[in-house]
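Descriptive structure summary
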Amino acid sequence: MAGYVVGVTGGIGSGKTTVTDCFADLGIVIADADEASRKIVEPGQPVLDAITEYFSKDILDETGRLNRKKLREIVFNDVSKRKALEGFTHRPIMDELQRQLHEARGEYAMLVLSAGLGTSPLIDRMLVVDAEEPIRIQRVMIRDGSSEALIRQIINSQPSSEERLAIADDVVENNSDIDQVRADVSRLHARYLELARA
Ligand code: ATP
């Protein structure tokens, strides 16, 4: 079990995956809240039954999987339904992440908290990945083929860089090339090993 957990957050296209891939190359286990939130609603999971009971079977697609887009749209406009959904999912997501972190070997592990601001009782320290907005937009346009307008809309719906930086213990300023990311990761890895041993 990893005794020390570093949280990772950052807006769309900031480079969370790029950064955590570099930590993974160093043998660090990465738990991901987005992945866990998808896993706990797979067919056969009790959370999916609870969601179906509350939102009706209309929330499933033709293969019986959760229609996440439809669910997002419903709860976006309805606070009480959003709260109900969180009531079904919050604890199982936390349990899943706790399980992954518990099983993680190594002196420390990482927990990617993409969506919200990213505070969590599971973490000891927060790493924020950031990049200048035009760079993020450019990278996501290339990665996803999305329009600039859509990416701006997503950026505006997320916490701002300033809000994230306010809760950061460490920051990777990802405005340069991958070699720079590797150098930053190597420096942070040494620091996290020190902290985990302390
Ligand atoms: P999301 O929140 O959308 O999941 P993310 O924060 O995980 O995004 P990445 O997917 O890591 O961001 O990076 C966005 C894109 O930019 C990817 O295609 C990635 O390969 C590229 N990228 C990230 N950092 C760099 C860099 N320093 N140099 C060149 N390309 C980069």
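See the structure shown above.
Residues numbered from 1 in each chain as written. Predicted model: local features only at pLDDT ≥ 70, side-chain atom pairs only at ≥ 80, totals over all residues. Heavy atoms only, no water.

1. A short note on the packing of helix H6 (residues 133-144) against helix H7 (residues 148-157)
- At their nearest, the axes of H6 and H7 sit 10 Å apart, and the two run at 125 degrees to each other. If you check the angle between H6 and H7, you find them oblique. The handedness of the crossing between H6 and H7 comes out as right-handed. Of the residues in H7, those in contact with Glu133, Arg136, Ile137, Val140 and Met141 of H6 are Glu148, Ile151, Arg152 and Ile155. (Axes fitted to C-alpha atoms, helices over the stretch in contact; angles between N-to-C directions. Helix = DSSP H or I, 4+ residues; strand = E, 2+ residues; numbered from the N terminus. Parallel < 35°, antiparallel > 145°, perpendicular 65-115°, else oblique. Left-handed = near helix turned anticlockwise from the far one by under 90°. Contact = heavy atoms within 4.5 Å.)

2. Re the site of the ligand
- Every one of the 15 residues lining the ligand counts as a neighbour, but Lys16, Thr17, Thr18, Arg143 and Asn174 are closest to it.
- Note that an oxygen atom of the ligand is positioned 2.7 Å from one of the side-chain N or O atoms of Lys16.
- Within the contact set of the ligand, an oxygen atom lies 2.7 Å away from a side-chain nitrogen or oxygen of Thr17.
- In the complex, 73% of the free accessible area of the ligand, which totals 630 Å², lies under the protein chains.
- It is helix H1 (residues 16-25) that contributes the most residues to the shell around the ligand, 3 residues altogether.
- For the shell around the ligand, a count of residues per class yields 3 nonpolar, 8 polar and 4 charged. (Near = heavy atom within 4 Å. Polar contact = N/O pair within 3.5 Å; in protein donor to acceptor, adjacent residues only side chain to side chain. Areas by Shrake-Rupley, 256 points an atom, 1.4 Å probe, with all protein chains shown as cover. Nonpolar A, V, L, I, M, F, W, Y, C, P; charged D, E, K, R; others polar.)

3. Focus: the side chain of Ser37
- Of note, Ser37 is situated in helix H2 (residues 33-39).
- At 2.7 Å, the side chain of Ser37 and the backbone oxygen of Asp34 are in polar contact.
- Setting aside residues no more than four positions away along its own chain, Ser37 makes contact with Arg68 and Ile93.

4. Concerning helix H5 (residues 79-103)
- Taking 1.5 Å per residue as the helical rise, H5 with its 25 residues ought to reach 36 Å, and the 35 Å between its terminal C-alpha atoms agrees with that figure.
- Of all the bends in H5, the greatest reaches close to 35 degrees and is centred on Thr89; the proline Pro92 follows between one and four positions later.
- Looking at H5, one finds that the buried residues are Ala84, Leu85, Thr89, Ile93, Met94, Glu96, Leu97, Gln100 and Leu101.
- Looking at the packing, one finds that the buried side of H5 touches strand E1 (4-9), strand E2 (30-32), H2, helix H3 (46-55), helix H4 (68-76) and strand E3 (108-112). (Expected span 1.5 Å × (residues − 1). Bend = angle between axes of the 7 residues up to and from the residue. Buried < 20%, exposed > 50% of the residue type's maximum accessible area, 1.4 Å probe, protein only.)

5. A few points about the sheet that holds strand E5 (residues 170-173)
- With parallel pairing, the 5 strands of this open sheet are ordered in space as E2-E3-E1-E4-E5. If you trace the sheet from one side to the other, it starts and ends with E2 and E5, each paired once. On average, each strand axis in the sheet is tilted by 25 degrees relative to the strand beside it, whichever way the strands run. (Pairing = 2+ DSSP bridges.)

6. Concerning the nonpolar core
- Counting residues in each nonpolar core, the largest one holds 28 residues, and the members touching the most others are Ile51, Phe55, Leu66, Leu71, Leu97, Leu101 and Leu111.
- Breaking this core down by element, the ones donating at least two residues are H2, H3, H4, H5, E3 and strand E4 (125-130).
- The greatest single-element share of this core, amounting to 5 residues, is contributed by H5.
- Leave out the neighbours within four places in its chain, and Ile51 touches Val41, Ser56, Ile59, Leu66, Leu85, Phe88 and Thr89.
- Of all hydrophobic cores here, the second largest spans 18 residues; its members include Tyr4, Cys22, Val129 and Val185. (Core = buried A, V, L, I, M, F, W, Y, C linked by side-chain atoms within 4.5 Å.)

7. Remarks on the packing of aromatic side chains
- Overall, the coordinates contain 4 aromatic pairs when judged by the stated rule.
- Ring centres 4.7 Å apart and planes at 70 degrees place the aromatic pair Tyr54 and Phe55 in the edge-to-face group.
- The class for Tyr54 is partly exposed, based on a relative accessible area of 39%.
- Accessibility expressed as a relative area gives 11% for Phe55, which makes it buried. (Phe/Tyr/Trp six-rings, centres within 6.5 Å; stacked < 30°, edge-to-face > 60°.)

8. Thoughts on the pairing of E1
- Burial of E1 is extensive: 6 of the 6 residues sit out of reach of the surface.
- Here E1 shows a buried face lined by Tyr4, Val6 and Val8 and a second buried face lined by Val5, Gly7 and Thr9.
- In this structure, E1 lies alongside E3, joined through 5 bridges in parallel fashion. Along E3, the bridge assignment pairs Tyr4 with Tyr108.

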